[in-house]
Amino acid sequence: MIRVGIIGTGTIGSELALQCITTLKEEVRLVGIVDTDVQRERLLRKQLGLSRRYTLEQLVPQVDLVIEAASAAAAYPIAKTALQHGKDVMIMSAGGLVHHEAAIWKLAAEHRSCVYLPSGAIAGLDGLKSASIGRIRKVSLTTRKNPLSFRNAPYIVQKRIDLNTIREETLLFDGTAEKAIQGFPQNINVSATLSMAGIGSKKTRVRIYACPGLTHHVHEVAIDGDFGSIYTRTQNLPSKKNPKTSHLAILSAVATLKRILANIKIGT
Ligand SMILES: NC(=O)c1ccc[n+]([C@@H]2O[C@H](COP(=O)([O-])OP(=O)(O)OC[C@H]3O[C@@H](n4cnc5c(N)ncnc54)[C@H](O)[C@@H]3O)[C@@H](O)[C@H]2O)c1
């Protein structure tokens with residue numbers, strides 16, 4: 001039985017919480033949830049039968065695994081707090097760790113704790129991890145989404161791009177994963193995970209296209225190395241609750257929790 005605390009109870013966090021009290025109830029005890037949206041947190045606590053209200057600092061010492069499903073800005077402080085208490089942590093907002101990688105890996109090693117980064121909405125991390133035992137030359141991610149998915153992204157705001165006027169497939173961004181994460185913190189977490197598993201955010205190339213009429217989120221991963229090459233294409237349905245989040249990313253969070261609990265771990 002592991003004790004779990006969830007920070008961020010939106011699209012991903014609420015589904016994880018529901019799985020904890022249903023399909024995973026023999027293996028997981030959901031101790032508490034925390035959300036800055038007090039109303040949302042209260043409603044979900046009622047649904048889950050959790051009476052006690054916690055702050056992050058109160059919850060962390062009570063659990064074995066902290067799950068972050070909140071925001072890029074919250075990811076590092078949450079990971080740091082969890083690791084300093086010797087707890088394991090699962091981070092969904094992987095982009096929030098990119099500039100703190102060294103500090104996080106050091107804390108995890110010092111406290112003998114684990115950091116879990118789910119695959120999210122892409123396929124190919126298993127192959128990338130195997131390939132990185134040898135030499136990798138190139139890793140790239142090409143993402144296509146409906147223009148409205150990029151609404152309010154800092155890059156779009158800064159460049160004053162009018163998404164409503166885009167009539168055909170348009171390349172919005174071509175650069176490093178590091179810059180993509182800064183410009184599109186809610187859209188491109190997968191590029192952070194890809195970078196951390198591979199050749200880093202300064203060397204991983206990201207292209208982002210806005211495609212009018214596209215109803216899926218399409219991610220293509222291409223990897224070249226001494227092993228040969230990998231190409232994957234994932235065509236994701238967006239979540240009905242949050243169109244910025246792919247349904248597969250929600251399933252990936254649940255699958256990662258199941259992997260943590262499992263005695264048999266398949267894949268690299
Ligand atoms: N790794 C991936 O592949 C992947 C895929 C999709 C989404 N994400 C990321 O996962 C996170 C959650 O996604 P979602 O679709 O559930 O988002 P959401 O907007 O549906 O829910 C986020 C919730 O977190 C809460 N929150 C924000 N900051 C908080 C803080 N500091 N403390 C506590 N609660 C806080 C919000 O009030 C909201 O209820 C986002 O950062 C998103 O970008 C990652």
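The coordinates are above.
Residues numbered from 1 in each chain as written. Predicted model: local features only at pLDDT ≥ 70, side-chain atom pairs only at ≥ 80, totals over all residues. Heavy atoms only, no water.

(A) Representation of the pairing of strand 10 (residues 228-236). Relative to strand 10, strand 9 (residues 217-225) runs antiparallel, the two sharing nine bridges. For Asp 224, the partnering residue across the bridge sits in strand 10 and is Ser 229. Counted along the chain from strand 9 to the antiparallel partner strand 10, the turn is two residues long. (Pairing = 2+ DSSP bridges. Helix = DSSP H or I, 4+ residues; strand = E, 2+ residues; numbered from the N terminus.)

(B) Structural view of the pattern of salt bridges. Summed over the entire model, instances satisfying the criterion amount to 10 salt bridges. For Asp 226, the salt bridge identified is with Arg 137, shortest N-O distance 3.0 Å. Remark: Arg 137 occurs in strand 6 (residues 136-145) and Asp 226 occurs in the loop between strand 9 and strand 10; sequence separation between them is 89 residues. Of the residues examined, Arg 137 reaches a relative accessible area of 45% and is grouped as partly exposed. Here Arg 144 ties to Glu 169 by a salt bridge, and the two come within 3.1 Å at their closest N and O atoms. (Salt bridge = Lys/Arg side-chain N within 4 Å of Asp/Glu carboxyl O. Buried < 20%, exposed > 50% of the residue type's maximum accessible area, 1.4 Å probe, protein only.)

(C) The environment of Thr 55, seen in detail. On the secondary structure map, Thr 55 appears in the loop between helix 2 (38-48) and helix 3 (56-59). Placed 134 residues apart in sequence, Thr 55 and Asn 189 show a C-alpha to C-alpha distance of 26 Å.

(D) Focus on the sheet that holds strand 10. Across the sheet, five strands lie side by side as 7-8-6-9-10; this open sheet has mixed pairing. Here the strands that pair on one side only, and so sit at the sheet edges, are strand 7 (170-176) and strand 10. Adjacent strand axes in the sheet meet at a mean angle of 10 degrees, parallel and antiparallel pairs treated alike. Direction of pairing for strand 6 relative to strand 9: antiparallel, over a ladder of eight bridges. When the sheet's bridge partners are listed, Ile 136 is paired in strand 9 with Gly 225. (Axes fitted to C-alpha atoms, helices over the stretch in contact; angles between N-to-C directions.)

(E) Quick peek at helix 9 (residues 189-197). When you tally the buried positions in helix 9, you get nine out of nine residues, the bulk of the element. When helix 9 is considered as a whole, its buried residues turn out to be Asn 189, Val 190, Ser 191, Ala 192, Thr 193, Leu 194, Ser 195, Met 196 and Ala 197. At its buried positions, helix 9 is contacted by helix 5 (101-110), helix 6 (125-131), strand 6, helix 8 (177-183), strand 8 (205-210) and strand 9. (Contact = heavy atoms within 4.5 Å.)

(F) Broad picture of the packing of helix 4 (residues 72-84) against helix 5. Helix 5 packs onto helix 4 with a crossing angle of 20 degrees between their chain directions and a minimal axis gap of 9 Å. In this view, helix 4 runs roughly parallel relative to helix 5, as classed from their interaxial angle. Every pair of crossing elements has a handedness; the one defined by helix 4 and helix 5 is left-handed. Where helix 4 approaches helix 5, its residues Tyr 76, Ala 79, Lys 80, Leu 83 and Gln 84 are matched on the opposing element by Ala 103, Ile 104, Leu 107 and Ala 108. Split by residue class, the contact of helix 4 with helix 5 holds seven nonpolar, one polar and one charged. (Parallel < 35°, antiparallel > 145°, perpendicular 65-115°, else oblique. Left-handed = near helix turned anticlockwise from the far one by under 90°. Nonpolar A, V, L, I, M, F, W, Y, C, P; charged D, E, K, R; others polar.)

(G) Structural detail: unusual backbone geometry. Backbone geometry places Arg 112, a non-glycine residue, at a positive phi of 50 degrees. You can see Arg 112 is positioned in the loop between helix 5 and strand 5 (115-116). If you check the backbone angles, Asn 152 has positive phi at about 70 degrees while not being a glycine. Mapped onto the secondary structure, Asn 152 falls in the loop between strand 6 and helix 7 (154-158).

Everything listed here is a matter of geometry and, on its own, says nothing about what the molecule does.
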